[in-house]
Amino acid sequence: KMYPRGGTELYCGVEFDAARQTPDNLAMSVEHTFPADAIAETEPGCTDRSCPAPRVQRAMADLQNLWPAVGRVNSSRSRLRYGVISGEDSRRFTEFCPDFERTAGAKALVEPRDDVKGDIARSLVYMHFVYGLPLEDAVTDKGILLGWMHTDPPDAEEMRRNALIDQLQGTPNPLLMEAFMGL
């Protein structure tokens, strides 16, 4: 219902059709910008996405947090936090996703492509305020989120998506309302 005519994948900008097919037959999946396991871990006694707590289940299913993504890239991001990566040495999947950056090691992080940094920031801030999720679980520095929102303001597709989410689940992202556009 979110992409009846197809759309554009989050991390790579890969186009997909109504049948979720890409020109290169890349497998598509659904990405949680605020990681599902990190959401579950905010509930006492829960350790992963199988947590039955209603708040956790609602947060994990919230369309404001779910985005189409190439499966391999989604798996590579896993639950890594977003951040700023210096240099160009961290590019992955360059054959189909030239702007995907991911570092390695125990403190690995992901930097999304510039065209969606604001979208991701608005999604994360929404999840923080609606569900009380700690931003530190999703981003290395909360301060970058305002910068990302400023440098990547909402476009027509993000506004269309938000209006459809409002119709489907009744929860628009207030950061996409006119009163918040200047943040």
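The structure we're discussing is the one just above.
These numbers were taken from a predicted model, which means no experiment stands behind them. (Residues numbered from 1 in each chain as written. Predicted model: local features only at pLDDT ≥ 70, side-chain atom pairs only at ≥ 80, totals over all residues. Heavy atoms only, no water.)

A.B. asks: For this particular structure, what's the right way to read the pairing of strand 4 (residues 66-70)?
C.D. replies: Along a regular strand, successive side chains alternate from one face of the sheet to the other. With five of five residues buried, strand 4 lies mostly within the body of the structure. The two faces of strand 4 match: L66, P68 and V70 on one face and W67 and A69 on the other face are all buried. (Buried < 20%, exposed > 50% of the residue type's maximum accessible area, 1.4 Å probe, protein only. Helix = DSSP H or I, 4+ residues; strand = E, 2+ residues; numbered from the N terminus.)

A.B. asks: Sorry if this is basic, but what is going on with unusual backbone geometry here?
C.D. replies: The phi torsion at R20 lies on the positive side, around 65°, for a residue other than glycine. In this fold, R20 is placed in the loop between strand 2 (15-16) and strand 3 (28-32). Look at S78: it is not a glycine, yet its phi comes out positive at around 50°. In this structure, S78 sits in the loop between helix 3 (71-77) and strand 5 (81-82). According to the relative accessible area criterion, S78 is partly exposed, its value standing at 45%.

A.B. asks: Would you explain the side chain of R122 in this entry?
C.D. replies: By the secondary structure assignment, R122 is in helix 4 (residues 117-131). R122 gets classed as buried once you look at its relative accessible area, which sits at 2%.

A.B. asks: What's the story with the sheet that holds strand 6 (residues 101-102) in this structure? I'm lost.
C.D. replies: Whenever strands of a sheet pair, they do so through backbone hydrogen bonds, lying parallel or antiparallel. In spatial order, the strands read 5-7-6; together these three strands make up an open sheet with mixed pairing. At either margin of the open sheet sits one strand with a lone partner, and together these are strand 5 and strand 6. Across two bridges, the pairing between strand 6 and strand 7 (residues 109-111) is antiparallel. Bridged to E101 within strand 7 is E111. (Pairing = 2+ DSSP bridges.)

A.B. asks: Sorry if this is basic, but what is going on with helix 2 (residues 54-61) here?
C.D. replies: Since the α-helix packs 3.6 residues into each turn, any two residues three or four apart lie on the same face. Of the residues making up helix 2, those classed as buried are V56, A59 and M60. All buried residues of helix 2 lie within an arc of 95° about the axis, which places them on one face of the element. Where the residues of helix 2 are buried, they touch strand 3, helix 1 (36-40), strand 4 and helix 4. (Arc of directions from axis to C-beta. Contact = heavy atoms within 4.5 Å.)

A.B. asks: Would you explain the pattern of salt bridges in this entry?
C.D. replies: It is possible for side chains bearing opposite charge to pair when their charged atoms get close. If you walk through the whole model with that rule in mind, you get twelve salt bridges. For the salt bridge of R122 with E158, the shortest nitrogen-to-oxygen distance reads 2.7 Å. With R122 in helix 4 and E158 in helix 6 (residues 156-169), the pair connects residues that are 36 residues apart, well separated along the chain. Accessibility assignment for this pair places R122 and E158 in one class, buried. A salt bridge links E157 to R160; its shortest N-O distance comes to 2.8 Å. Taken together, the residues E157 and R160, both in helix 6 and three residues apart, mark about one turn of the helix. Salt bridges sharing partners connect three or more residues here, namely E111, D114 and K117. (Salt bridge = Lys/Arg side-chain N within 4 Å of Asp/Glu carboxyl O.)

A.B. asks: What exactly am I supposed to notice about the side chain of S123 here?
C.D. replies: The residue S123 is located in helix 4 in this model. Of the polar contacts made by the side chain of S123, one reaches the backbone oxygen of Q64; its length is 2.7 Å. In this structure S123 touches T33, Q64, N65, W67 and N173, once residues within four positions along its chain are discounted. (Polar contact = N/O pair within 3.5 Å; in protein donor to acceptor, adjacent residues only side chain to side chain.)

A.B. asks: Help me out: how do you make sense of the nonpolar core in this one?
C.D. replies: Across soluble globular proteins, nonpolar side chains show a tendency to be buried alongside one another. Counting residues in hydrophobic clusters, the biggest one holds 50 residues, and the most contacted among them are Y11 and V73. In terms of residue count, the dominant contributor to this core is helix 4 (seven residues). Among residues more than four places away in sequence, those in contact with Y11 are E31, A69, V73, R77, Y82, C97, F100, P112, R113 and I120. (Core = buried A, V, L, I, M, F, W, Y, C linked by side-chain atoms within 4.5 Å.)

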